[in-house]
Amino acid sequence: MHWLAAAAARAGLKGADALVIPPDTGLIDAWEIASRTLGLSAPELAKILAPTFGLAEADFEKAETRALTLLPERIARKYHVFPVREDERHLVVATADPTNIEVEHAIGFAAGRRPIFELASPAAIEEALFGAFASDRAMDQLLSSVDEQVADAVRVVEDLEPESVDAAEVDSAPVVKLTNLILRDAIIQTASDIHIEPGAKGGTVRFRVDGVMRQYMHLPMVALNRVVSRIKVLGRLDIADRIRPQDGRSRVAVDGRYVDLRIATVPTRDAEKAVIRILRPESTRRLDEVGVTPRELARLRQLLNCRDGIVIVTGPTGSGKTTTMYSAIREMATGEVNISTVEDPVEYELPGITQIQVDPKRGITFANSLRALLRQDPDVIFVGEIRDSETAQIAAQAAMTGHLVLATLHTNDAMSSITRLIDLGLDRQTIATTLRGVLAQRLIRRVCPDCAQPLIGALTEEEEALGARYGVLPLSRAMGCKRCGNTGYRGRLPLIEVAVITPALADMIAGGTSGHALQRAAISQGMAPLRDVAIARVRRGETTLQEIERVIGDQVEDQVHQDSGPPAILVVNADPSWRRMARALLEGGGFRVAEAMDAAQAMQLMGSGEEFALMVTDLMMPSMMQPAFPSQAQQRVPSLRHTTAIQMPNVPSLPGPPRQEEPAAPPPPATPDKEQAGPVDWARFAATVQSSIRRTEH
Ligand SMILES: [Zn+2]
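Residues numbered from 1 in each chain as written. Predicted model: local features only at pLDDT ≥ 70, side-chain atom pairs only at ≥ 80, totals over all residues. Heavy atoms only, no water.

### Examining the coordination of the zinc ion
- Protein coordination at the zinc ion comes from C448 (SG), C451 (SG), C481 (SG) and C484 (SG), with a distance range of 2.3 to 2.4 Å.
- Around the zinc ion sit four donor atoms, and with donor-metal-donor angles ranging over 104 to 115 degrees the site reads as tetrahedral.
- Every donor residue of the zinc ion comes from the same chain, spaced as C-x2-C-x29-C-x2-C. With a gap of 36 residues between them, C448 in the loop between β17 (435-447) and β18 (453-454) and C484 in the loop between β19 (476-477) and β20 (489-500) connect regions that are remote in the sequence. (Donors = N, O, S within 2.8 Å, 3.2 Å for Na, K, Ca; no water. Tetrahedral: all angles 85-135°; square planar, octahedral: opposite > 155°, others 65-115°. Helix = DSSP H or I, 4+ residues; strand = E, 2+ residues; numbered from the N terminus.)

Here it is in structure tokens:
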């Protein structure tokens, strides 16, 4: 009986009696058979079997470099063992075959110490060996599979300055080949980033594809260090400096196509980590080429046709907002308009456009670049991201003096950017006058057209739950094949909600509405929210519910949660100081407050989708129903029927709420006669509002 089968039987493993391993089976195959028959992974098996030999399970995380120097690589490879750590008389060695007496002798002889065995699977030992014994031989082995032509397909476009190459080994052929191989594969797999990072057991190369990290290869540490150095040379970084973070850029040609690389290195505890962002020229495709849905595209173009004002694209990092901005700029760059940008960093160079790279070290900030640009009278200005109040102020000024300002912000949905702009120091009136529109964006993965399956038959539990949550049944199921790296997804599609700031929305912004109420109003004014745009993509079979859940799941939850917010009160009064006082009192009482200065503005606010529990006014509200207002007003404004109005003139005595069937009164004067009005009894005001709210809640 094979020792592995015997050990499995001793451990009492289920299925051990069915485990048959021919006696002459190799170590790797024997573990493979045992693992498959018993339905356990190799590491699980090692953990369970170790005690049956009175051994510990090997922990490679605790591997010490000193132990490595005690055992020649030749011996380690021959016997599939890995030296983990040592003390004065012992060498702790991971083995995949603790029954091999010959190993014990060989190690004792070579290391001059008595071995103490720990158990590990052959694969784990191989991996550790690969990471530890880095040699040109290991590199050669790695590269033997690389086709000459493939590695040579990558060409560095900008020649290196001779003085930047001061370590000959960095340019040695295998390192160049390996680096080129990594770059080429990353570009072919449409990765956006390459991460080359040191770890406990050697280095790892990972790609970010469609926003998700994907394992690419393991590298011995020495190879990793050389590849990182080679990449630093490409980015014209100081390869001697391994202590400070550095960044640079490079341009390579792969199979004749140009690709720009943005290279950043950061020191880690053991070595340097390199991250390479791949900037593709096709990332600056025109808007109609990036897959924006037709309705959203039309709304976006409407915004880009504005002569002045601010248009904002918002979304979290990696949501593709910069790409959308670049596409928009490309579309506008017809040669008839003067377009300038201030960016940090400049991600793509656009022909025919003035681009300024922010560089605080050299005193080039967003704010002073913008000021300088404005003197050159551009038509369109793209501010990479508004991060400080100075920039926000200048952007607003530019927007008010006949320039169209494009900018990005970092918020979850379109209307949250209002709150963000207020935080950045802009006042509501300025925002209401200058803001033309806001786009919120996400990127969603497209199901792989090669392996997606039509969803027929029974749904999984997850699909059922998600279907119920989003109110749609998915058309296709993500499977996974070679072409999509077994992820089931290939390529990404933008999800965009476009809020066009209508006069009604502008009034709400000026009147103090923000957040979810504003978002709802924007929807009633024609904006399809992210959720709906995403669902439409599911209906067309372009993506899955799991993918929507991954990308906007949190937010959908938020919306449900915010639906039961505090009641909203509309304050209508011509006197701004009266409105301010009322707002302070009501907000202090936990209400949301919107303001209007006259009946017309109040009507507009109510027509924009916001529901008010109460309207507090100094006007005779029935006047809203007179012929001066469109007769269809009541149909257009359904919320009016649910809103109780209380009349609150600037006099201490408060009349009760007017009855709906009261005959139309003549329109009141725009400004109440203050001479006749006494001081306002604010305590009584608060009490009246409270009791009215209680009445409406019954
Ligand atoms: Zn596929």
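Don't stop here, the text continues.
### Examining the pairing of strand β10 (residues 257-267)
- Direction of pairing for strand β9 (residues 246-254) relative to β10: antiparallel, over a ladder of nine bridges. Across the sheet, R251 pairs through a bridge with D260, a residue of β10.
- Counting the residues that bridge the hairpin from β9 to β10 gives two residues, and of these D255 lies at a positive phi of roughly 50 degrees.
- Pairing between β10 and strand β11 (residues 272-279): eight bridges, direction antiparallel. Along β11, the bridge assignment pairs L261 with I278. (Pairing = 2+ DSSP bridges.)

### Considering the sheet that holds strand β3 (residues 90-95)
- Read from one edge to the other, the open sheet built from four strands follows the order β1-β4-β3-β2, with strand pairing classed as mixed. Among the strands making up the open sheet, the edge pair consists of β1 (56-57) and β2 (81-86).
- Bridge analysis of β3 against strand β4 (residues 114-119) gives six bridges, and the strand direction is parallel. By the bridge assignment for β4, L91 is matched with P115.
- Helix α6 (residues 101-111) rests against β2, β3 and β4 of the sheet, and its axis sits at about 130 degrees to β4. (Contact = heavy atoms within 4.5 Å. Axes fitted to C-alpha atoms, helices over the stretch in contact; angles between N-to-C directions.)

### Let's talk about the environment of R420
- With respect to the element layout, R420 can be found in helix α16 (residues 416-423).
- On the basis of relative accessibility, which here comes to 27%, the residue R420 falls in the partly exposed class.
- Linking R420 and L409, residues 11 residues apart in sequence, is a C-alpha distance of 8.0 Å. (Buried < 20%, exposed > 50% of the residue type's maximum accessible area, 1.4 Å probe, protein only.)

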